[in-house]
Amino acid sequence: MPSENEIEAKFWKELKASPFMMLGLNGSQEAHGQPMTAQLEGDKGPIWFFATKTNTLVAAMRESHDAIATYTSKGHDLFAAVRGRLSVDTDRANLDRLWNSHVASWYEGGKDDPTLALLRLDTESAQLWLGGSSIGAAVLSLLGRDPKQDYKDNMAEVKL
């Protein structure tokens, strides 16, 4: 069975490979997630997102900064619920460092677009699950094994 450190390392690796998360704020009207493209620096957080100042998440930060970001890896073999604190980052050096052609395609005014907002998710903790297919569970059941027992060790609760 993989260790919690191995499961966490897999999460960061998978997020870099397929950087799409559902991001929401607890305690606000934006408690539901909305799709966002994540950016990482190095091997771990913070997790960065470009948005517009009119994005409902930015407006909802008047009510809460308690964020939840959910993630499903491209192959559906890893799932995550990440908790942390979301804020608007106004440091131009961070914007310059994270700016790329993909981001530029969304903002007509480039880095100086007046609608541009850089969001920073300072991660605190996460629940991470390594997925198992329902086909695999069915095979285990046919062999007389309880699939829940095989998958119970494929979960990690980690401080990020």
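The structure under discussion appears in the preceding block.
Residues numbered from 1 in each chain as written. Predicted model: local features only at pLDDT ≥ 70, side-chain atom pairs only at ≥ 80, totals over all residues. Heavy atoms only, no water.

1. Focus on the packing of aromatic side chains
Convention followed: Aromatic contacts are taken between Phe, Tyr and Trp rings whose centres are within 6.5 Å, Trp giving its six-membered ring; a plane angle under 30 degrees counts as stacked, one over 60 as edge-to-face, and the others as tilted. A run of H or I in DSSP counts as a helix once it spans at least four residues, and a run of E counts as a strand once it spans at least two, with each numbered from the N terminus. Relative accessibility decides the category of a residue: with a 1.4 Å probe and only protein chains considered, values under 20% of the type maximum give buried, values over 50% give exposed, and everything between is partly exposed.
This model, assessed by the stated rule, comprises four aromatic pairs. Ring centres of F11 and Y71 lie 5.8 Å apart, and the angle between their planes is 80°; on these two criteria the pair is classed as edge-to-face. Of this pair, F11 sits in helix α1 (residues 4-17) while Y71 sits in strand β5 (residues 66-72); the two residues are 60 residues apart in sequence, bridging distant segments of the chain. In this pair, the class of F11 matches that of Y71, namely buried. Pairwise contacts between aromatic rings join F11, W12 and Y71 into one cluster.

2. Quick notes on the pairing of strand β7 (residues 116-130)
Spelled out, the test is: In this analysis, strands are considered paired if DSSP registers two or more bridges between them.
Bridge analysis of strand β4 (residues 44-52) against β7 gives six bridges, and the strand direction is antiparallel. Within β7, the position partnered with T52 by the bridge is L116. Summarising the sheet, strand β6 (residues 78-89) and β7 pair through 12 bridges and their orientation is antiparallel. In the sheet register, S87 faces β7, and the bridge partner there is R120.

3. Structural notes on the environment of K111
The topology assignment puts K111 in the loop between α4 (101-104) and β7. Accessibility expressed as a relative area gives 30% for K111, which makes it partly exposed. Sequence separation between K111 and R92 is 19 residues, and the spatial gap between their C-alpha atoms is 9.0 Å.

4. Quick notes on the side chain of D89
Stated formally: By the counting scheme adopted, Arg and Lys are positive, Glu and Asp are negative, and His together with the chain ends is not counted. We define a salt bridge as a contact between a side-chain nitrogen of Lys or Arg and a carboxyl oxygen of Asp or Glu at a distance within 4 Å. Identification of polar contacts relies on pairs of N or O atoms within 3.5 Å, with a donor-acceptor requirement for protein atoms, meaning one able to donate a hydrogen and the other able to accept it, and with residues adjacent in sequence counted only if both atoms are side-chain atoms.
Considering the arrangement of structural elements, one finds D89 in strand β6. Of the side chains with opposite charge, R120 comes closest to the buried, unpaired D89, at an N-O distance of 4.2 Å. At 2.9 Å, the side chain of D89 and the backbone nitrogen of D91 are in polar contact. Among the polar contacts listed, one links the side chain of D89 to the side chain of N94, at a separation of 3.1 Å.

5. Notes on the pattern of salt bridges
For the structure shown, the criterion picks out nine salt bridges. Notably, a salt bridge pairs R92 with D96, separated by 2.9 Å at the nearest N-O pair. With R92 and D96 both in helix α3 (residues 92-98) and four residues apart, the pair spans about one turn of that helix. Classification of D96 by relative accessible area gives partly exposed; the value is 33%. Among the ionic pairs, K111 bridges to D96, the shortest N-O distance being 3.5 Å. Of this pair, K111 sits in the loop between α4 and β7 while D96 is found in helix α3, placing the two residues 15 residues apart along the sequence. Members of the salt-bridge network, linked through shared partners, are R92, D96, K111 and D112.

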